[in-house]
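# Descriptive structure summary
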Amino acid sequence: MQKIFLFLFLIACFTACGPADDDDNYTPKPQGYYRIELPKKAYQKYSAACPFSFEYPVAATLSNDNTNSAEPCWLNLDYPTLKGRIYLSYKPVGGKSNLNKLLEDTRSMVYKHTVKADDIRERAYGNPTKKVYGNMYEIGGNAASSLQFYVTDSTQHFLRGALYFYCPPNADSLAPVIGYVKEDIAHLMETVEWR
């Protein structure tokens, strides 16, 4: 009888300590993000009835802003594959528009994002030959708008832009796209010409 119990005990020990299944060693994978295919860089010129021209990416579509509050020469630069939009608004300087008021409005719109922003970096731009001066604002963190900018000639023209995406703002997942669009905004600012 002891031999039978010993034999059953040994069989139970050997079968209980068998090879581990893959299900027993499951480790959850961390959440990942989709791979984003960024379009190749190529630019085309915008010049219409507005008193300015610039180059914008071929991968983006440019359209007039048709909202009720839109003014003449307000444009939308859409990135359909990246699900983003740059809102461009033009104001003539002088008359009702004062340059100091336009600059202060731009700064206040940028700094409204301080609630969610980690930091706000300003980068000045100037081209005295073309009479184009401006700033680009990089808004770090999970702010709704991660890039904003303006360009002006200081006497007659003022063009402002703000980048927004059609998704919740997540700086980590949007970083490659923001970097891509930042290059396009810098190119736009460098190619602005007033008429």
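Check the entry above for the structure.
Heads up: these notes are all about the structure in this document. (Residues numbered from 1 in each chain as written. Predicted model: local features only at pLDDT ≥ 70, side-chain atom pairs only at ≥ 80, totals over all residues. Heavy atoms only, no water.)

### As for the state of the cysteines
Counted by the stated rule, this structure contains one disulfide. Put simply, Cys50 and Cys73 are joined by a disulfide, and their sulfur atoms are 2.3 Å apart. Where Cys50 bonds to Cys73 through sulfur, the torsion about that S-S bond is close to -110°, and the disulfide is left-handed. Taken as a pair, Cys50 in the loop between strand 1 (43-47) and strand 2 (52-57) and Cys73 in the loop between strand 3 (61-64) and strand 4 (75-79) lie far apart in primary sequence, 23 residues in all. Just as Cys50 is buried, Cys73 falls in that class too. (Disulfide = S-S within 2.5 Å. Helix = DSSP H or I, 4+ residues; strand = E, 2+ residues; numbered from the N terminus. Buried < 20%, exposed > 50% of the residue type's maximum accessible area, 1.4 Å probe, protein only.)

### Some thoughts on the pattern of salt bridges
Within this structure, the stated rule accounts for 10 salt bridges. The salt bridge partner of Lys91 is Glu71, with a shortest N-O separation of 2.8 Å. Of this pair, Lys91 sits in strand 5 (residues 84-92) while Glu71 sits in the loop between strand 3 and strand 4, and the two are 20 residues apart along the sequence. We classify Glu71 as partly exposed; its relative accessible area is 31%. The salt bridge involving Asp78 is made with Arg85; its shortest N-O contact spans 2.5 Å. A relative accessible area of 14% means that Asp78 is categorised as buried. (Salt bridge = Lys/Arg side-chain N within 4 Å of Asp/Glu carboxyl O.)

### Quick word on the packing of aromatic side chains
Enumeration over the complete set of coordinates arrives at seven aromatic pairs. Grouped by ring-pair contacts, the aromatic residues Tyr46, Phe52, Phe54, Tyr56 and Tyr90 constitute a single cluster. Positioned above the aromatic ring of Tyr180, the side-chain terminus of Lys41 is 3.5 Å from the ring centre. (Phe/Tyr/Trp six-rings, centres within 6.5 Å; stacked < 30°, edge-to-face > 60°. Lys NZ or Arg CZ within 6 Å of the ring centre and 35° of its normal.)

### Overview of the nonpolar core
Residues Phe52, Phe54, Ile86 and Val181 are the most contacted members of the largest nonpolar core, which totals 34 residues. For this core, the elements supplying multiple residues, two or more each, are strand 2, strand 4, strand 5, strand 7 (132-141), strand 8 (145-152), strand 9 (157-165) and helix 3 (171-191). Of all the elements, helix 3 adds the most residues to this core, at nine residues. Not counting the four nearest positions on each side in its chain, Ile86 is found in contact with Leu75, Asn76, Leu77, Tyr79, Phe149, Gly161, Ala162, Leu163, Val181 and Ile185. By size, the runner-up hydrophobic cluster in this structure holds 11 residues, among which are Ala117, Ile120, Ile139 and Tyr150. (Core = buried A, V, L, I, M, F, W, Y, C linked by side-chain atoms within 4.5 Å. Contact = heavy atoms within 4.5 Å.)

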